Amino acid sequence: MLNPVMHILSNKRIVLASGSPRRRQILENIGLKFDIVRSTFEENLDKLSFKHPYDYAMATSKGKALEVMDRLAKEERPPDLVISADTVVAMDGVIYEKPKDKQDAVEMLSRFSGRTHTVHTGVTLLTRKANAVRLENTAGGNHQLNGLYNILQFHEATDVVMGHLSPDVIKSYVDTGESMDKAGGYGIQALGGTLIESVKGEYFNVMGFPIHHFAKEIYKMYKDS
C-alpha cells in the first residue's frame, strides 16, 4: 500500500507521539522511519462528555499530537508529520483504558469473559501548513495552534469475543504482568491472545494501531506530492 510513496516518506521527518512498543513495532515492520517522542498531554478528558467511545479516543489522540508538534516546532528540523493514536475498549457504554492495578485488570477481564467488546483506536495525522506563521501568546507563554497545522483524523473499531475465562485463568494471566500497560487489560499479540475466541475487524487495531487504515490515509496524503 505504501510502496508508491515510501520514497517521499523517507525524506520526511516523521514523529510517533507515543511510547507504545506495539505501535512502534507495527510501524517499524512496514519499513517506516520515524522518531519517537512521548507526549506529555494529560489523558484526563471527561469520558462522559463524549457521545461515542471513538470520539474520546480521537480527542485524546489529537491532544497528544498537538502537544508534541508544538513542542518540537522550534527545532532546527521540526516534524513534517506527527502520528498519534489512542486506544480504548468499550462494552455496555463503559470505556475501559489501561488498568490502574492488578485488581482493576481482574475486574475488567471478568466483565469481558464470554462476551463481545469493541476496541476503538483514534488516530491523528498532523502536518505543518506551508508558510504558516507562528505567533507567541505573550500573556501565558503558550503558542497559538490554530491555523498552523493540517489535522487528519480517523478511527477504527474491532469487535473482540473473549472466551469464557475461569477466575483462576484470569488471575494467573494478570499475575504475568502483561495486563498493566494495555487498554482492556490484555495483549492480543502475546499471552493474551490465548484468551480471545474471535476477532471481527482489523487485528492490528486490537494491538493499538490500525495499520491498513493508516496506510490508506498516508497514501492519499502523499500520492500527488
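Residues numbered from 1 in each chain as written. Predicted model: local features only at pLDDT ≥ 70, side-chain atom pairs only at ≥ 80, totals over all residues. Heavy atoms only, no water.

A.B. asks: Any chance you could explain the overall build of the protein here in plain terms?
C.D. replies: When its secondary structure is counted, the protein shows seven helices and seven strands. In the protein, the succession of helices and strands from N to C terminus is α-β-α-β-α-β-β-α-β-β-α-β-α-α. The C-alpha atoms of the protein give 19 Å as radius of gyration, which agrees with the globular expectation for 225 residues (17 Å, within 12%). Taking the principal axes of the C-alpha coordinates as reference, the protein spans close to 60 × 45 × 30 Å. The buried share of the protein, taken over its 225 residues, is 48%. (Helix = DSSP H or I, 4+ residues; strand = E, 2+ residues; numbered from the N terminus. Rg over C-alpha atoms; globule rule 2.2 N^0.38 Å. Buried < 20%, exposed > 50% of the residue type's maximum accessible area, 1.4 Å probe, protein only.)

A.B. asks: Is there a simple way to explain the nonpolar core in this structure?
C.D. replies: One broad rule of soluble globular proteins: the nonpolar side chains tend to lie buried together. Ile83, Tyr186, Phe209 and Phe214 are the most contacted members of the largest nonpolar core, which has 43 residues in total. If we skip the residues at most four places from it in the chain, Ile83 touches Ile14, Val15, Leu16, Ala17, Leu32, Thr124, Leu125, Phe209 and Phe214. Core analysis: the next-biggest nonpolar cluster, separate from the first, contains 13 residues, Ala17, Ala65, Val68 and Tyr149 among them. (Core = buried A, V, L, I, M, F, W, Y, C linked by side-chain atoms within 4.5 Å. Contact = heavy atoms within 4.5 Å.)

A.B. asks: I keep staring at the layout of surface pockets and nothing clicks. Help me out?
C.D. replies: Using a probe with the size of a water molecule, rolled over the atoms, empty space left in the structure can be pinpointed. Empty space within the largest pocket amounts to approximately 510 Å³. Ser20, Arg22, Arg23, Lys98 and Asp181 are the residues nearest the centre of the largest pocket, which is lined by 26 residues in total. Sorting the residues of the lining of the largest pocket by element identifies α2 (21–29), β3 (81–91) and α6 (203–207) as the ones contributing at least two each. Considered class by class, the residues forming the lining of the largest pocket number eight nonpolar, eight polar and 10 charged. (1 Å grid on protein atoms, 1.4 Å probe; cavity = no way out; pocket = protein on both sides within 12 Å on 5 of 7 lines; lining within 4 Å. Points joined across faces, edges and corners; volume = space filled by probe spheres on them. Nonpolar A, V, L, I, M, F, W, Y, C, P; charged D, E, K, R; others polar.)

A.B. asks: Mind showing me how you'd approach the confidence of the model for the protein here?
C.D. replies: Low-pLDDT portions of the prediction should not be read for the details of their coordinates. Predicted confidence across the protein gives a mean pLDDT of 91, with 92% of residues reaching 70 or more. Across residues 132–146, confidence stays below pLDDT 50; counting only partners more than four residues off in sequence or on other chains, it has 18 contacts. (pLDDT = per-residue confidence, 0-100.)

A.B. asks: Can you help me understand the environment of Glu67 in this one?
C.D. replies: Within the fold, Glu67 resides in helix α3 (residues 53–72). For Glu67, a relative accessible area of 18% translates into the label buried. Separated by 16 residues in sequence, Glu67 and Lys51 have C-alpha atoms that sit 24 Å apart. Setting aside its immediate chain neighbours within four residues, Glu67 contacts Ser39, Thr40 and Phe41. Of the polar contacts made by the side chain of Glu67, one reaches the side chain of Ser39; its length is 3.2 Å. (Polar contact = N/O pair within 3.5 Å; in protein donor to acceptor, adjacent residues only side chain to side chain.)

A.B. asks: Looking at this structure, how should I read the pattern of salt bridges?
C.D. replies: Charged atoms that come close allow side chains of opposite charge to pair. Across all of its chains, the model carries 18 salt bridges by this definition. One salt bridge in this structure joins Asp35 and Arg13, with 3.0 Å as the shortest N-O distance. With Asp35 in strand β2 (residues 35–36) and Arg13 in the loop between α1 (6–9) and β1 (14–16), this pair connects stretches of sequence that are 22 residues apart. Accessibility expressed as a relative area gives 35% for Asp35, which makes it partly exposed. On the accessibility criterion, Arg13 (13% relative accessible area) is buried. Salt-bridge contacts for Lys223 lead to Asp224; the nearest nitrogen and oxygen are separated by 3.2 Å. Classification of Asp224 by relative accessible area gives exposed; the value is 68%. Taken together, the shared-partner salt bridges in this structure form one network comprising Arg13, Asp35 and Glu75. (Salt bridge = Lys/Arg side-chain N within 4 Å of Asp/Glu carboxyl O.)

A.B. asks: Would you explain the side chain of Glu217 in this entry?
C.D. replies: Tracing the backbone through its elements, the reader meets Glu217 in helix α7 (residues 211–222). Non-local contacts of Glu217, meaning those with residues more than four positions away in its chain, are made with Leu125, Leu152 and Phe154.

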